Amino acid sequence: MTEAVHRTRPSELDQLPDRDPQETAEWRESLDAVTRHAGPERAAQLVRRTVEHAANSGLDVPGLLQTPYVNSIPTAVEPELPGDPELESRITAWNRWNAAAMVTRGSKLGVGGHIATFASAAWLYEIGFNHFFHGKEADGSGDQLYIQGHASPGIYARAFLDGRLTEENLDNFRQEAGGKGLPSYPHPRRLPWLWEFPTVSMGLGPLSAIYQARFNRYLTNRGIKDVSASHVWAFLGDGEMDEPESTAALALAAREGLDNLTFVINCNLQRLDGPVRANFKIVQELEAQFRGAGWNVVKSLWGSAWDELFLLDVSGALVGRLREVPDAQFQTYQTRDVAYIREHFFGASAELRELAKLLTDAKISECFHTSRGGHEARKVYAAYRAALDFKGAPTVILAQTVKGYTLGGGFESKNANHQMKKLSNDEFKAMRDRLGLPIPDSAFVDGQVPYGHPGADSPEVRYLQERRAALGGPAPARRTHPLPALPEPSERAFQAVYKGSGSQDVATTMAFVRLMKDLMRDKETGRRWVPIVPDEARTFGMESLFPSAGIYSPLGQTYEPVDRDQLMYYKEAKDGQILNEGITEAGAMADFIAAASAYSTHGETMIPFYIFYSMFGWQRTGDQMWQLADQLGKGFIVGATAGRTTLTGEGLQHADGHSHLIAATNPASLNYDPAFAYEIAVIVKDGLRRMYGASPEDVFYYLTVYNEPKPQPAMPEGVEEGILKGLYRFKVSDLTDAEAPRTQLLASGTAIHWVLDAQKLLAEEWGVAADVWSATSWSELRRDALSCDAAQLKGEDRVPYVTRALEGARGPVLAVSDWMRQVPDQIAQWVPGDYTSLGTDGFGLSDTRDAARRHFGVDAQSIAVAALAQLARRGEVKPETVAEAAAKYGLA
């Protein structure tokens, strides 16, 4: 049977010469004989042993993607757990109690919370805090901890135990409006002294952790700061690994040898509403996925109680049964009695029935109900030690646990436990007895579960604080003390842009890149710029940076580039400045976040700018923009080739007419749509001041720039304030007739050019005076107006800037942009007088720029007709004039 399979199934080895076919046949026959006489489990074990021996002997053979469903580290070679295991056990018990108490007390107010996740993962955190996680006091960096969002109550409980939080803080869990509350999850913007990384938008934590580890290497290799001692720890749930972002960058981490990174995946076999892999095995699936990507995998599945069972498994039937039982069934075993387990697990084969006869009911109960690798301190320590000792690749630890562990039979392994927010007092008392905590019944006053604390001078608290002192201070912790302001870059780079381009046509995308190139040459701050681009650097004119700044690669350049004889050749370098991410906007954005928050993570101010097709920014990675805001990141996000009509021929999927609308929803994002190069220079200069000056603000900038070459004018005098506030008058009508009808045309970005053409048409062909305004930021105008409205409700007399700017400007206001009308309509309610807008609502399409603008009704002729229609409604031009103009321009 086996030989027939070999004969009929083609193999890639068939195309390679076999120097001794007879010897090959003998090996096959030997394997077949073992299978017949000793069974498939024995044959498989021999094959695995042979492959393992080959690898250890230095032979070039592919590794196995899956190993048996057992621990990677045998009990016999586990290192001893250092420190005081008894004290650590008591500390963990207090933290379990207070995490559950905090959520239960809050549930009376309906604010919710999650109990079961930390209950399963408590030892995964405690071993790290007591023995591995380095604080920031030694070098300002320490380790970077990505805490699983739903485990946050346990982290708060630990901070309460060591005196960083009070009972009042815990009682304000999820009650932040009063200023003393604790955010539901890791939110640096809400609790900036504790949390470094927002993680509860699942999938973003693992992605960001990989790029944080990569950015640590970038900082070291570029000589900015040696952070080679920093280690990145990402705590994840097995259900979270379903998110595509969770595994999107696994190959990058392995390819770059990021052994400064460890994933700890809490495999409690449950997601939010049920089993992660009901009919399969999530641990085995993840092992294959990570091994296939090149990671080191450490499995910590079984507690020490299982050692006796494995020693008795001489036939391999037990290991085989563990491998075949689906996760949902194993979850059922955890909740059923011993009789059920004997019948349904051990009853699967004669070998298992014989093995079960050697086991007491107590042993079976211990193994199936409580004994997991993630619940034993020594096994967790061994896994962490193995992860740090492994070099050359990142490590993932797959730790098996029970969701809701120690919370009682009503919680443990129940499908609904993620939504269960409280324990009864009787359940708490049972938990107290199980954990051995000295909390008397009298402490339950008026039905309220008490917090527990052994005392500020207790052995537990002293031990906890001593361990953290030895490891470099508290963790998690975010660095918040101010850094020196960055020196202002040379004015020369900005002055070159202020002068304009003369008769040369320059797209604003190119103007931005030229400005960045000059700023990167600055002696004081140039090396702190971090250019980030997802592959299409040449599209944005950035190839000139390749030979001068270099593309970052931890290997340098191990090949001769095909364009080495060209001036702007593709140059990779170990100290390269450019992060050229390939085709991954998510990866580029994760890079940006790491660089944007380096001022707090490592005490090093970096200035990232991330340039991309605008359509593939906020629409594709908007969740990461919120992550950036939550992490208090700073930098310049640049949506290039922006607008719905500027990309000739690209069509719907490339035509961005809405990113400014999405960006306007983010309170930390300052959004600008500059029309001219000098506006970009003013905005960037002010951005450097606001983000990196003496009083830095926790904001970032979103700029949209265009690929349409146009002459760039010199900067008029006195426009800087208007540029930054969002609006200024760029060109007054040349029509001098004081009696002529008048209108105000507002435009942003590339639309300024259509509006200027419309201004000319209105004056020369219809006798209408139109003033042209550059609206650099619709959302900043709105932000200011909303602030004024709020102030007025408090009795302050404040008038929005947009209202003041347009006050006294005669005639109706027509706003035009390459965006959908909702973008300029953000300011409608504060514009004095008549207001309307034109925009590019709907889907994009492939055509020439002129045809696309005619299609959307935003070309110069359409603008002129719309302006005439406004004036006609006011009785300032005849209605038939509108019809005449529409017919003349082919719009009727």
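These figures come from a predicted structure and were not determined experimentally. Residue numbering note: each chain is counted from 1, following its sequence as written. Residues qualify for local features only when their pLDDT is at least 70, as the model is predicted, and side-chain atom pairs are given and counted only at 80 or more; totals for whole chains, interfaces and linings, by contrast, use all residues. Side-chain descriptors were evaluated using all non-hydrogen atoms of the structure, hydrogens and water having been removed beforehand.

Draft legend 1. Expanded view of the sheet that holds strand β18 (residues 769-774). Two strands qualify as a pair provided that DSSP identifies no fewer than 2 bridges between them. Helix and strand labels come from DSSP, where a helix needs a run of H or I of at least four residues and a strand needs a run of E of at least two; each type is numbered from the N terminus. If you trace the five strands from one edge of the open sheet to the other, you get β16-β18-β17-β19-β20, paired in mixed fashion. Strands with a single pairing partner mark the edges of an open sheet, and in this sheet they are β16 (728-731) and β20 (835-838). When the angles between neighbouring strand axes are averaged without regard to direction, this sheet yields 30°. Two strands pair when backbone bridges link them, and strand β17 (residues 742-747) and strand β19 (residues 813-816) are joined in this way by four bridges, in the parallel orientation. Residue pairing for β19: Gln744 is matched across the bridge by Val813. Any two residues having at least one pair of non-hydrogen atoms within 4.5 Å are treated as being in contact. The axes are straight lines fitted to the C-alpha atoms, using for helices just the contacting stretch, and the angles between their N-to-C directions are given from 0 to 180°. Where helix α30 (residues 751-766) meets the sheet, its contacts fall on β16, β17, β18 and β19, and the angle it forms with β18 comes to roughly 170°.

Draft legend 2. Seen up close, the packing of aromatic side chains. Stacked, tilted and edge-to-face are the three classes applied to pairs of Phe, Tyr and Trp rings, where Trp contributes its six-membered ring and a pair requires centres within 6.5 Å; stacked means planes under 30 degrees apart, edge-to-face means over 60, and tilted covers the rest. The tally for this structure, following the rule as stated, stands at 47 aromatic pairs. A centroid spacing of 4.8 Å and a plane angle of 55° characterise the contact between Phe263 and Trp295, whose relative ring orientation is tilted. Here Trp295 lies in the loop between α11 (282-293) and β4 (296-300) and Phe263 lies in strand β3 (residues 261-267), a separation of 32 residues in the sequence. By the burial criterion, Phe263 is buried, and Trp295 matches it. A ring pair is formed by Tyr672 and Tyr701, whose centres lie 6.0 Å apart and whose planes are at 10°; its orientation type is stacked. Of the two residues, Tyr672 is situated in strand β13 (residues 669-672) and Tyr701 in strand β14 (residues 700-704); the sequence distance between them amounts to 29 residues. Look at Tyr672 and you get buried, because its relative accessible area is 1%. Relative accessible area decides the class of each residue, using a 1.4 Å probe on protein chains only: under 20% of the type maximum gives buried, over 50% gives exposed, and in between gives partly exposed. Assessed through its relative accessible area of 1%, Tyr701 is described here as buried. Criterion for a charge above a ring: Lys NZ or Arg CZ within 6 Å of the ring centre, and within 35 degrees of the ring normal. The residue whose ring lies beneath Arg336 is Tyr340, and the NZ or CZ to ring-centre distance is 4.1 Å. Note that Arg564 overlies the ring of Tyr569, its terminal NZ or CZ placed 4.2 Å from the centroid.

Draft legend 3. Layout of the environment of Phe700. Within the secondary structure, Phe700 sits in strand β14. Expressed as a C-alpha distance, the spacing of Phe700 and Arg321, which sit 379 residues apart in the sequence, is 54 Å.

Draft legend 4. Layout of the sheet that holds strand β5 (residues 395-400). Spatially, β1-β2-β3-β5-β4 is the arrangement adopted by the five strands of the open sheet, whose pairing is parallel. At either margin of the open sheet sits one strand with a lone partner, and together these are β1 (144-146) and β4. The mean angle between the axes of side-by-side strands here comes to 15°, regardless of whether they run parallel or antiparallel. Bridge count between β4 and β5: five bridges; the pairing is parallel. Within β5, the position partnered with Lys299 by the bridge is Leu398. Against the sheet, α11 contacts β3, β4 and β5, and its axis sits at roughly 160° relative to β4.

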